[in-house]
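Structural description and commentary
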Amino acid sequence: MTDSTSTPVPEALEEDDSLLEFDGTTPYEDYVHASVLTNLQQPLSNDPGEMAFLVTTQVMELWFTLIVHEWRTARDSLMKDDTERAMEALRRSLGSLQALNDSWRPIASLTPAQFNGFRAAFGEASGFQSAMYRHMEFLLGDKSRSMVQPHRGHPRVHAELEDALTQPSLYDEVLAYLHRRGLPVPEGVLERDRTVAYQADAGVEEVWRQIYAGPQSDPLVALGEALTDIAELVLRWRSDHLLATRRAMGAKTGSGGSPGVAFLEKRAARSVFPEVWTARSYV
C-alpha cells in the first residue's frame, strides 16, 4: 500500500541535517571501507576492457574469501558434532558459490582480440596463483604441496597455506563425523596423510550407499545433498572458467607459463566429494 502524498526519501533526508553531517567519515565508510575497495582497481593498460577483467577478478577473490569462511565454519562445527551450525554454513555457501559463478558474466564472452587488448598488462599473473582459491581447493580435499610454493615470497600467506595443507579438509571432517555416528568409514581413510589429495575409497562409497538407501528423512541424506550441491557448483565454476578461457585465447599457453586450456580441462574433470556421486549407482 502506498501513499501518494508522502514525502520522497531524498527530501526527507535533506530536511534532517543530522543524517548528513558527520565529524569524520560516514558510518557506512567506517564499516564497509568502500573507498578502499573502489581504489584497488589500477589498470595497467589503456584498453577500456581491462577494468571489467580487473573488477571481475577482484570480486571473485571476495567470494573465495566468504566461501572459505563458510566451509571452515562448517568443518569446525562438524568437529564439535554441531550439525545444525554446519548445515547452516553449508547452505549459506551455496548462495555464495552461485554468485561466484555469476561473476563470470562480464568477461565470459571476450573475443581473442578483446582479451589481447590488455593481456600483456598482467604479465605472468595467473589465476592459479590465487592463495584464497587454493584455500578453497584445500578445504575440498584437493591438497597439493607444490601449489603452496608460489607464495614463498609472501611469508604470512605462505604460512597460512602451509597450515591449511596440514589441517583436515571439510570432507575429512564429514567422514570423521560419519564414523562417530557409527558408520563403517575405513580406518585407513580416517588416518590418511592429510597433506595429499583425497582419493576415492570403496569403503566410503559403501557408507554413502547405506545413507542414501536408508530413510530419506535421515539428516545424513541432507548432509550428502548439501555436499552434492556444493560439488555441482564447484564443477560448474571450473567448467565456466574453462569455457571463458577457451573463448578468449583458444589453446594458447596461459599466463604465468601455465598450459592454459589443457590445465583447466584436467581441473574441470576432477571430481569433488567423489563417493557422494558414485554411491548413487548402487542405491
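Considered as a void within the structure, the largest pocket measures approximately 1100 Å³ in volume. Taken together, 40 residues form the lining of the largest pocket, with Phe 53, Thr 57, Ser 126, Gly 127 and Phe 128 sitting closest to its centre. Of all the secondary structure elements, the ones that give two or more residues to the lining of the largest pocket are helix 4 (50–79), helix 7 (131–140), helix 12 (219–249) and helix 13 (261–268). The class makeup of the residues in the lining of the largest pocket is 20 nonpolar, 14 polar and six charged. Computed from the structure, the second largest pocket encloses a volume of approximately 290 Å³. Those elements giving two or more residues to the lining of the second largest pocket turn out to be helix 4, helix 7 and helix 8 (155–166). Looking at the lining of the second largest pocket residue by residue, the class counts come to eight nonpolar, five polar and seven charged.

Taking 1.5 Å as the rise per residue, helix 11 (residues 202–213) with twelve residues should run 16 Å; its terminal C-alpha atoms sit 16 Å apart, in good agreement. Val 204, Glu 205, Val 207, Trp 208, Ile 211 and Tyr 212 are the residues of helix 11 that are buried. An end-on view of helix 11 places all buried positions within 155° of arc, on one side of the element. Buried-residue contacts for helix 11 involve helix 9 (170–180), helix 10 (187–190), helix 12 and helix 14 (274–278). With a side-chain oxygen lying 2.7 Å from the backbone nitrogen of Gly 203, the N-terminal cap of helix 11 falls on Asp 201.

Let us now look at empty space enclosed by the protein. Under the criterion given, the structure shown has one cavity of 30 Å³ or more. Residue lining of the largest cavity: Asp 172, Leu 175, Ala 176, Val 189, Leu 190, Arg 192 and Arg 194, and that is the complete set. At the level of elements, helix 9 and helix 10 are the ones that each hand at least two residues to the lining of the largest cavity. Element by element, the count of residues in the lining of the largest cavity is highest for helix 9, at three residues. Considering only residue class, the lining of the largest cavity consists of four nonpolar, no polar and three charged.

Parameters and conventions
Residues numbered from 1 in each chain as written. Predicted model: local features only at pLDDT ≥ 70, side-chain atom pairs only at ≥ 80, totals over all residues. Heavy atoms only, no water. 1 Å grid on protein atoms, 1.4 Å probe; cavity = no way out; pocket = protein on both sides within 12 Å on 5 of 7 lines; lining within 4 Å. Points joined across faces, edges and corners; volume = space filled by probe spheres on them. Helix = DSSP H or I, 4+ residues; strand = E, 2+ residues; numbered from the N terminus. Nonpolar A, V, L, I, M, F, W, Y, C, P; charged D, E, K, R; others polar. Expected span 1.5 Å × (residues − 1). Buried < 20%, exposed > 50% of the residue type's maximum accessible area, 1.4 Å probe, protein only. Arc of directions from axis to C-beta. Contact = heavy atoms within 4.5 Å. Polar contact = N/O pair within 3.5 Å; in protein donor to acceptor, adjacent residues only side chain to side chain.

Function-wise, these values are silent; they only describe arrangement.
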